[in-house]
Amino acid sequence: MSQLATWRTGSTRVLPGFGLSMGISVLFISLVLLLPITGLFGQLAGLSLAEYWAIITEGRVVASYMVTIGAAAVAAIINAIFGLLLAWVLVRYDFPGKRLLDALMDLPFALPTAVAGITLATLYASSGWMGGLLEPLGFQVAYTWVGIALAMAFTSIPFVVRTVQPVLEDLPAEVDEAAMSLGATDGVAFRRVILPHIWPALVTGTGLAFVRSLGEFGAIIFIAGNMPYETEITALMIFVKLQEYDYAGASAIASVVLFVSLALLLAINVWQGRFVRRLHGGKG
Amino acid sequence: MSIHLHNIAKHFGNTQALEPINLDIHEGELVGLLGPSGSGKTTLLRIIAGLENADRTAQPGKILFGDRDVTNVHVRDRRIGFVFQHYALFRHMSVYDNVAFGLTVLSRKRRPSSGEIRARVFRLLEMVKLEHLANRYPAQLSGGQQQRVSLARALAVEPEVLLLDEPFGALDAKVRQELRRWLRHLHDELNFTSVFVTHDQEEALELSDRVVVMSNGRIEQVDTPDELYRTPKNRFVFEFLGDVNHLEGKVTNGVLTCGDAYWHVDLPDGHAELLLRPHEVRLTEQPTSESHLPVTITAISPVGAEVRVELEADWLAQPWLATVRHTDFEHLALRRGQRLFAHPRHWRRFPKAESKAAEQTRVA
Ligand SMILES: Nc1ncnc2c1ncn2[C@@H]1O[C@H](COP(=O)(O)OP(=O)(O)OP(=O)(O)O)[C@@H](O)[C@H]1O
Ligand SMILES: [Mg+2]
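Residues numbered from 1 in each chain as written. Chains lettered and ligands numbered in written order. Predicted model: local features only at pLDDT ≥ 70, side-chain atom pairs only at ≥ 80, totals over all residues. Heavy atoms only, no water.

Labelled according to an unreviewed UniProt entry, chain B appears under the name TOBE-like domain-containing protein, originating from Vreelandella glaciei.

The name an unreviewed UniProt entry gives chain A is Sulfate transport system permease protein CysT, with Vreelandella glaciei as the organism. Recorded under Subcellular location (unreviewed entry), the UniProt text for chain A is reproduced unchanged: "Cell membrane". (UniProt positions renumbered as here; feature names shortened; annotations may be inferred.)

Written as structure tokens, this is what we have:
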């Protein structure tokens, strides 16, 4: 914001190196982000608008949107709750094994998603530990959308924890204590003092987790069962098209995922910017 | 509301932050907790507030507010106001909402009507002279203004006890002076019991009805500022309350000698260490038959009501500080490098600590 403003007014910047760092950043973004996206649109050029529309609104594909979005939403909500709890525990309490738990938080990022998928699938299949426990109770996890949501939650929980954690650390315990010294119960202090403070980070983290879930493939396909119209995710539809050498079709579906993700990220950013400005009293 | 502490101790792991402490604070008193860093002031204040629990030992400590035993009462039910050193304002709330917070979280039965809350908040904001900033956010205020908001916020719930942890520590000298005066005024007007923490002796002496001097988790002395300054109970208190000059030497037949300096004192033979304040040192051009303490002026600072003169000599381990009236300063025509003679007008000795110190030096 302020950078744009200086740009326009042409006043000199105090911080040196703007030209160089901005140039390198733009180059990097172009190579790593914009080039592949342009390639994607190149594939789309072979399609007429009507063909494009037909591909992305085909019944099986639309069903996959529903499955993906529904499961991702459930996963995001689960992650918002447990991610917040985990971040809270990691920031506010000292306990043996805290370091280990902290390191474990990054495991979903580090683990190849296929490994996660296979592990989850074997765990929740009717012969697996969890599956064997849950199925007699009437809970079928593997090969249902519950399994999809579970896999999504697993791969995206670090987004919530790692965005909320630093913001919580930034909130001094004194603020908490101030609320309580003024007579607030734990619940009220959390709702009126802590939650508003971490709210932007929580929404951002949850949003990122959601977007990540929309595109997840490896971790899900092993546990999803992949029944057409029932447990097929959009990423799988792209994969299927690719296997049929239908690159244009794959790109068309991919572009939908891309647009939805991009729009969401942009919305989060704009909203967060507004919120943060109020916190800093319009100063920054 | 009076405050009584019985046998309050506190450990953090293996470090003892407070030795068992007894302290009585009278109703309506303004008491300062004074001590060097790490002496346990904050810990004691937080225990009074209920933000920290005292040790639960074989004879657990007890905290009474008036007749009410609050030892096991949660901070939210103690009816205290706490002002944090770094304000701890709610950053996402306006000044108005910050001050109103304590009222809006009251249970529905006890909560005043919204009109009443509004009136009360504005009365408080008026008192801290911030009513024109009610809609600002904390980030838009100066440090002094933020501290006043935090005071108003603490006072909104009409606490019986107001606790302040270095409330003016982070502010510049002028604002600090102003806020100090203003806290005193507020205290006298609203008549609550206040305890504040400071490591600034001037602040403690100026503001408090009584001062609690602490060191190493112990209470060294509790007294009025006047008594404290005039009759310090021990060496620590004396040294902490102002600049001190040391004179150490051997006494034989009523004469203390130290290098080429000597001085007639009425003390038994042996090692002696005497302490004197800067204003207790007189400077002349000639020695007297009573004392021969040659010194050289190394620095002069003529700022303030008196001139501060730094003195050095080869018989002195540490330089002395003397304060001279401006008229004497002109009369003696003092300048750097000048050689003069010092005469103690008055001095003090703290036998216990001294004997310990003597033993230590002998061992070393
Ligand atoms: N939460 C804690 N955990 C461990 N040790 C602590 C804790 N709080 C205080 N201490 C220790 O207790 C002792 C007293 O600390 P305290 O904060 O009460 O000192 P203070 O007099 O307020 O010092 P200052 O003027 O620097 O604020 C110190 O040695 C400190 O290291
Ligand atoms: Mg302290």
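Draft legend 1. The arrangement of the overall build of chain B in detail. When helices and strands are tallied, chain B shows ten helices and 20 strands. In terms of its C-alpha atoms, chain B occupies a principal-axis envelope of roughly 80 × 55 × 30 Å. For chain B, the residues scored as buried account for 51% of the 364 residues in total. The contacts of chain B with a sequence gap of at least 6 include a subset with a gap of at least 24, amounting to 65%. For chain B, the centre of its 45 positive side-chain charges and the centre of its 48 negative side-chain charges are spaced 7 Å apart. (Helix = DSSP H or I, 4+ residues; strand = E, 2+ residues; numbered from the N terminus. Buried < 20%, exposed > 50% of the residue type's maximum accessible area, 1.4 Å probe, protein only. Contact = heavy atoms within 4.5 Å. Lys, Arg positive; Asp, Glu negative; His and termini not counted. Charge placed at Lys NZ, Arg CZ, Asp CG, Glu CD.)

Draft legend 2. Up close: helix H3 (residues 114–127) of chain B. Residues and elements named next belong to chain B. The end-to-end C-alpha separation of H3 is 20 Å, in line with the 20 Å expected for 14 residues at 1.5 Å each. If you check which residues of H3 are buried, you get Ile 117, Arg 120, Val 121, Leu 124 and Leu 125. For H3, the buried positions fall inside an angular range of 135° around the axis, keeping them on one side. Residues of H3 that are exposed and point more than 90 degrees away from the buried face comprise Arg 123 and Glu 126. Following H3 by one or two positions, Lys 129 has its phi on the positive side, about 60°. (Expected span 1.5 Å × (residues − 1). Arc of directions from axis to C-beta.)

Draft legend 3. Spatial organisation of the UniProt feature "domain: ABC transmembrane type-1" (unreviewed entry) in chain A. On the UniProt side, "domain: ABC transmembrane type-1" (unreviewed entry) is annotated at positions that read residues 65–268 of chain A here. As annotated, residues 65–268 of chain A comprises 79% helix and 0% strand, and the C-alpha atoms at either end are separated by 21 Å.

Draft legend 4. The arrangement of the UniProt feature "domain: ABC transporter" (unreviewed entry) in chain B in detail. Following the UniProt record, the feature "domain: ABC transporter" (unreviewed entry) maps to residues 3–241 of chain B here. Strand forms 25% of residues 3–241 of chain B and helix 35%; the C-alpha atoms that close the span are 25 Å apart.

Draft legend 5. Quick look at the site of ligand 1. Residues and elements named next belong to chain B. Taken together, the residues surrounding ligand 1 are Phe 12, Ala 17, Pro 36, Ser 37, Gly 38, Ser 39, Gly 40, Lys 41, Thr 42, Thr 43 and Glu 166. One of the side-chain N or O atoms of Ser 37 is found 2.5 Å from an oxygen atom in ligand 1. Within the contact set of ligand 1, an oxygen atom lies 2.6 Å away from a side-chain nitrogen or oxygen of Thr 42. Alone, ligand 1 offers 630 Å² of accessible surface; in the complex the protein occludes 58% of this. Here the element with the most residues in the shell around ligand 1 is helix H1 (residues 41–49); it accounts for three residues. Classifying every residue of the shell around ligand 1 gives three nonpolar, six polar and two charged. (Near = heavy atom within 4 Å. Polar contact = N/O pair within 3.5 Å; in protein donor to acceptor, adjacent residues only side chain to side chain. Areas by Shrake-Rupley, 256 points an atom, 1.4 Å probe, with all protein chains shown as cover. Nonpolar A, V, L, I, M, F, W, Y, C, P; charged D, E, K, R; others polar.)

Draft legend 6. Quick look at the domain arrangement of chain B. Residue and element names in this part refer to chain B. For chain B, the assigned domains are domain 1 (3–240) and domain 2 (245–363). Centre-to-centre separation of domain 1 and domain 2, based on C-alpha positions: 40 Å. With eight residues of domain 1 at the interface, the matching set in domain 2 holds eight residues. For the domain 1 and domain 2 pair, buried surface summed over both sides reaches about 850 Å², with 57% attributable to carbon and sulfur atoms. Ranking the residues of domain 1 by area buried against domain 2 places Tyr 229, Arg 235 and Phe 238 at the top, with a combined share of 80%. Summed over the shared surface of domain 1 and domain 2, the result is one salt bridge. Elements supplying a minimum of two residues to the side of domain 1 that touches domain 2: helix H7 (225–230) and helix H8 (235–240). The leading source of residues in the side of domain 1 that touches domain 2 is H8, at three residues. (Domains from an automatic or database assignment. Buried area = accessible area lost by both parts, 1.4 Å probe. Salt bridge = Lys/Arg side-chain N within 4 Å of Asp/Glu carboxyl O.)

Draft legend 7. View of the packing of helix H2 (residues 95–104) of chain B against H3 of chain B. All names here are of chain B. Here H2 crosses H3 at 125°, and the two axes come no closer than 10 Å. What the angle tells us is that H2 and H3 run oblique. As for the relative orientation of H2 and H3, their crossing is right-handed in sense. Listed contacts from H3 to Val 95, Tyr 96, Val 99, Ala 100, Leu 103 and Thr 104 of H2 are Ile 117, Arg 118, Arg 120, Val 121, Phe 122, Leu 124 and Leu 125. Of the residues in the contact of H2 with H3, the class split is ten nonpolar, one polar and two charged. (Axes fitted to C-alpha atoms, helices over the stretch in contact; angles between N-to-C directions. Parallel < 35°, antiparallel > 145°, perpendicular 65-115°, else oblique. Left-handed = near helix turned anticlockwise from the far one by under 90°.)

Draft legend 8. Spotlight on the environment of Val 213 of chain B. Residues and elements named next belong to chain B. Along the chain, Val 213 turns up in strand S9 (residues 210–215). On a C-alpha basis, the gap between Val 213 and Gly 50 in space is 21 Å, while along the polypeptide they are 163 residues apart. Those residues in contact with Val 213 that lie beyond four places of it in its chain are Leu 34, Arg 218, Ile 219, Glu 220, Gln 221, Leu 228, Phe 236 and Val 237.

Draft legend 9. Molecular detail of the sheet that holds strand S1 (residues 3–12) of chain B. All names here are of chain B. A sheet is described by the order of its strands in space; here four strands give the open sequence S2-S1-S4-S5, paired in antiparallel fashion. Bordering the open sheet on either side are strand S2 (15–25) and strand S5 (68–69), each of which pairs with just one other strand. Most of the contacts of H1 go to S1, to which it runs at about 120°, and overall it touches S1, S2 and strand S4 (62–65). (Pairing = 2+ DSSP bridges.)

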